[in-house]
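# A look at the structure
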Amino acid sequence: MSSLVVLGHDGSPPAGEARELLERASLVVGGARHLAALPVPEGVRTVVMGELRPALDAIDAELDRDDDRGRVVVVASGDPGFFGIVRALRRRGRRPRVIPALSSVARAFARAGMPWDDALVVSAHGRELRRAVNACRAHPKVAVLTAPGSGPAELARELFPQTPRTFVVCEDLGGPHERVVSVRPAEATTRPWRDPNVVLVLDPRRVAAGGEPGWIAGPRPGPSEWALPDAAFGPGRPAFGPEVRAFALAKLGPRIGDMVWDVGAGRGEVAIECARFGAAVVAVEKDEAACERIRANVRAHRVKVAVSRGTAPGVLDHLPEPDAVFVGGGGPEVARVCASRALRSVVIVLHRADRVQAAIEAIKRASLTAHAVRLQAGLVGRSPTGVFVVWGERKVDVPPVTRAVRREPPPSVTIAPLPEPGGPR
């Protein structure tokens, strides 16, 4: 017997090797419901896994006994290598033997009678619920591993009524109180739910189509190209070209789990590009005609973008907290509000040099680090057009860069420093 075994439990009575491991253990660690359901022999010490650190300390103490007779079995739900205890043990330097059971996500989709190779699986257990919510806003098929305080009701409150979804709530999978029910988010907010559970959050319109078989598990790969040509967004004059959009996207960094605002969205170019990277997106415009143009482009690109009609900054009060904000229109007050709300970054595109300093000051007042460049870009043989891009970043811990690599900009793009205040423009 290995000195450390992680045993997956899916509700089935242990037999054969699993029973023998429990009988020979000197310590069994698991949740209260696991310990109650398993035939742990009398005399074998048990530790209920509530908070993770004390349980890990008990495991270390047992394995490091002087008599070298410590034999530990850790019992965990389903597949312990899938958002489970295996990672925490390996971080402690342990190399456990793992005997998995059927994962709760696989069982949940089986109960729903659905394929899940194209599903996005996220965990709200000990993690930010906000990111799981954003994933559900952006993707048609998401499995959410929940926790007390981050369960079906809390998930539904964040999604309803802006995001039409169907919930399949799977309670106590494999246990004596297993229940699988399909509800609307409004109903999910009013019912009590038994822990633990898995929630399948489905967009019925997109899931019903079935989709094509893929070659990769999880959400489909990101876009094959980005900074799409202007013609990809239908008729109308763009505020700036794809070269500027590429720079803005690089600073926004849209990704799965993010919420991005596109304020003064125009035809929705930036919003759509961010959605193609898997982010949840809200596009803001002030008149209905502009909003309808955005919706038409969203449908054409087959992405999910919420369109909010209203005038910034007032309309922003009711939007979900953004990781990144793109500002394509509005004055200093819009810039200030967007910068103050952005959790990670804000990008502002301006056409006039005399507005740059005000944008920089708005970003600094929001405690972001401000940067600015002048971009000039155009097809070879044509006169380039120029804009100013101001962006702000909240400082985060990043690994040190060991070697600087200088990359020259493409010949058709000029990145120039901003003029000094009062200098030539």
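Per chain, residue numbering runs from 1 following the sequence as it is written. In keeping with the model being predicted, local features are shown solely for residues with a pLDDT of at least 70 and side-chain atom pairs are shown and tallied solely at 80 or more, while totals for entire chains, interfaces and linings include all residues. Side-chain metrics rest on all non-hydrogen atoms present in the structure, leaving aside hydrogens and water.

Before going further, it helps to spend a moment on the overall build of the protein chain. Along the backbone of the protein chain there are 14 helices and 18 strands. Each principal axis of the C-alpha atoms in the protein chain carries an extent, and together these give about 85 × 50 × 40 Å. Throughout this description, buried means an accessible area under 20% of the type-specific maximum (1.4 Å probe, protein chains only), exposed means over 50%, and partly exposed covers the range between. Looking at the protein chain as a whole, 45% of its 425 residues qualify as buried. Contacts in the protein chain between residues at least 24 apart in sequence constitute 61% of all its contacts with a sequence separation of at least 6. Across the protein chain, the centroid of the 59 positively charged side chains sits 4 Å from that of the 47 negatively charged ones. Per the convention used, a helix needs a DSSP run of H or I reaching at least four residues, while a strand needs a run of E reaching at least two, with both numbered from the N terminus. Throughout, a residue-residue contact means that at least one pair of heavy atoms, one from each residue, lies within 4.5 Å. Only four residue types enter the tally: Lys and Arg on the positive side, Asp and Glu on the negative side, with His and both chain ends excluded. Where a charge lies is defined by one atom per residue type: Lys uses NZ, Arg uses CZ, Asp uses CG and Glu uses CD.

What follows is about the packing of helix α6 (residues 129–138) against helix α7 (residues 152–159). Close contact between α6 and α7 brings their axes to 10 Å; oriented N to C, the two are set at 60 degrees. Relative to α7, the element α6 is oriented oblique. The element α6 and its partner α7 pack so that their crossing is right-handed. The residues of α7 that touch α6, namely those facing Leu129, Val133, Cys136 and Arg137, are Glu154, Leu155, Glu158 and Leu159. By residue class, the composition of the contact of α6 with α7 is five nonpolar, no polar and three charged. A fitted line through C-alpha atoms serves as each axis, taken over the contacting stretch for helices, and the angle formed by two N-to-C directions is quoted from 0 to 180°. Oblique is the label for every angle not falling under 35 degrees (roughly parallel), over 145 degrees (roughly antiparallel), or within 65 to 115 degrees (roughly perpendicular). Here a crossing is taken to be left-handed if its near helix is turned anticlockwise relative to the far helix by less than a right angle, and right-handed if that turn runs clockwise. Side-chain classes are defined by residue name, with Ala, Val, Leu, Ile, Met, Phe, Trp, Tyr, Cys and Pro counting as nonpolar, Asp, Glu, Lys and Arg as charged, and the others, Gly among them, as polar.

Let us now look at α6. Within α6, eight of the ten residues are buried, which leaves it mostly tucked inside the rest of the structure. Among all positions in α6, only Leu129, Ala132, Val133, Asn134, Ala135, Cys136, Arg137 and Ala138 are buried.

What follows is about the sheet that holds strand β3 (residues 45–48). Remark on secondary structure: sheet strands pair via backbone hydrogen bonds, oriented parallel or antiparallel. When DSSP locates at least two bridges between a pair of strands, those strands are taken to pair. Taking strand neighbours across the sheet as the criterion, the five strands line up as β3-β2-β4-β1-β5 in an open arrangement whose pairing is parallel. Both outer strands of the open sheet, β3 and β5 (97–99), are each paired with one neighbouring strand and no more. Averaged over all pairs of adjacent strands, the angle between their axes in this sheet comes to 20 degrees, without regard to strand direction. Of the strand pairs in this sheet, strand β2 (residues 27–30) and strand β4 (residues 72–77) are connected by three bridges, and their pairing is parallel. By the bridge assignment, Val28 is partnered in β4 with Val73. Across the sheet, helix α1 (residues 17–24) is in contact with β1 (4–9), β2, β4 and β5; its angle to β5 comes to roughly 135 degrees. Where helix α3 (residues 52–63) meets the sheet, its contacts fall on β1, β2, β3 and β4, and the angle it forms with β2 comes to roughly 165 degrees.

Each residue carries a pLDDT value, the predictor's own confidence for that position, ranging from 0 to 100. Averaged over all residues, the pLDDT of the protein chain equals 89, while 92% of them reach at least 70. Low pLDDT, under 50, characterises residues 398–416; the stretch is placed with 16 contacts to residues that sit more than four places away or in other chains. pLDDT under 50 marks residues 419–425. Its contacts with residues more than four places away, or in other chains, come to six contacts.

Within β1, six of the six residues are buried, leaving the element largely enclosed by the surrounding structure. The alternating pattern of β1 places Leu4, Val6 and Gly8 on one face and Val5, Leu7 and His9 on the opposite face, and all of these are buried. Pairing between β1 and β4: six bridges, direction parallel. Bridge pairing in β4 links Leu7 to Val75. Both β1 and β5 contribute to a ladder of three bridges, which runs parallel. By the bridge assignment, Val5 is partnered in β5 with Arg97.

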